[in-house]
Amino acid sequence: MCAALAPSLAAADEADAKRLLKAMSDYLAAQKAISFDFDSSLDLVSAQQQKMTLAASGSVVMNRPDKLRVSRRGGFANMEMSFDGKTVTLLGKNSNMVAQVEAAGSIDQLVDVLRDKYHRPVPGADLLMSDPYKELMLEVTEIKDLGSGVIRGVECDHLAFRAREVDWQIWIAQGAAPYPCRYAITSKKVAGAPEYRIDIRDWKTGAKVPANTFKLAIPAGAQKLTPDKVQELSDIPAIFKATDAAKGKP
């Protein structure tokens, strides 16, 4: 009897996990204005299989469909990005370098351009899209409802997913505002299984979102980079990068 019940219980868990994720997605998509602070961590794995983690904190302010401002500060970099629906400005405050790229369109289009063309992913970008459920469920092969978890005192539904190249987990606040409290992605195809994690706090929507001009003040004397030099605005410190002397070993 236990063996007979196992498939049906698994199917019920999967259906419930999909329902919870879809409810979060619908809630996020319905919000015109969103702001939050975040703490993020990114694992890097050396050729000797030593795992090292970069930690950063930042904030996001968004007005749909085409306004976004993101700041991120780590131990080695202080980055800010602003998008006004026509132009995206990327500012390295510590390096005093700035790049401006024409990118007229929606936030969805901006995320794709930054990720695919300039290799500058937006923190938690899947959660900011107009249809998060569609983005998150791409290539998902396995789903688990892991019950409850607590993130900074907020009780959450804890879900786990497997996809072709990554495993990922999400913790969704229970209640009338099912926002994502934590989102973690593990790279299965990379040696050492490095993880990217973003913890979200101080969640606000609607009239509670602070006013923002979505314009960056460019400091006097800032070095202006052409779009093809955007990669020079790296927030990965040199000590973590591969070198010729080390034959590609960080």
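Residues numbered from 1 in each chain as written. Predicted model: local features only at pLDDT ≥ 70, side-chain atom pairs only at ≥ 80, totals over all residues. Heavy atoms only, no water.

1. Some points on the packing of aromatic side chains
- One pass over the full model with this rule turns up five aromatic pairs.
- Summarising the aromatic geometry, the rings of F36 and W203 are spaced 5.7 Å apart at their centres and angled 15° between planes, so their arrangement reads as stacked. Note that F36 is positioned in strand β1 (residues 33-45) and W203 in strand β11 (residues 195-205), a separation of 167 residues in sequence. In this pair, the class of F36 matches that of W203, namely buried.
- A ring pair is formed by Y179 and W203, whose centres lie 5.2 Å apart and whose planes are at 10°; its orientation type is stacked. With Y179 in the loop between β9 (166-173) and β10 (180-187) and W203 in strand β11, this pair connects stretches of sequence that are 24 residues apart.
- When its relative accessible area of 15% is taken as the criterion, Y179 is described as buried.
- By the ring-pair criterion, three or more aromatic residues cluster together here, those being Y27, F36, Y179 and W203. (Phe/Tyr/Trp six-rings, centres within 6.5 Å; stacked < 30°, edge-to-face > 60°. Helix = DSSP H or I, 4+ residues; strand = E, 2+ residues; numbered from the N terminus. Buried < 20%, exposed > 50% of the residue type's maximum accessible area, 1.4 Å probe, protein only.)

2. Description of the sheet that holds β11
- The sheet built from twelve strands is open, its strands ordered β7-β8-β9-β10-β11-β1-β2-β3-β4-β5-β6-β12 with mixed pairing. Of all the strands in the sheet, the pair left with one neighbour each is β7 (140-151) and β12 (223-225). Averaged over all neighbouring strand pairs, the angle between strand axes comes to 15°, with direction disregarded.
- Bridge analysis of β1 against β11 gives eight bridges, and the strand direction is antiparallel. Among the inter-strand pairings, L42 is bridged to a residue of β11, identified as Y196.
- The strands touched by helix α2 (residues 107-116) within the sheet are β2 (51-63), β3 (67-74), β4 (78-83) and β5 (87-92), with β4 carrying the most contacts at an inclination of about 135°. (Pairing = 2+ DSSP bridges. Axes fitted to C-alpha atoms, helices over the stretch in contact; angles between N-to-C directions. Contact = heavy atoms within 4.5 Å.)

3. Considerations on the nonpolar core
- With 58 residues, the main nonpolar core has L21, L68, M81, V122, F161 and I170 as its most contacted residues.
- Looking at this core, the element that brings in the most residues is helix α1 (residues 2-30), giving six residues.
- Ignoring any residue separated from it by four or fewer positions in sequence, one finds M81 in contact with L68, R69, V70, V88, T89, L90, L110, L114, V122 and L216. (Core = buried A, V, L, I, M, F, W, Y, C linked by side-chain atoms within 4.5 Å.)

Just distances and angles here, no functional claims.
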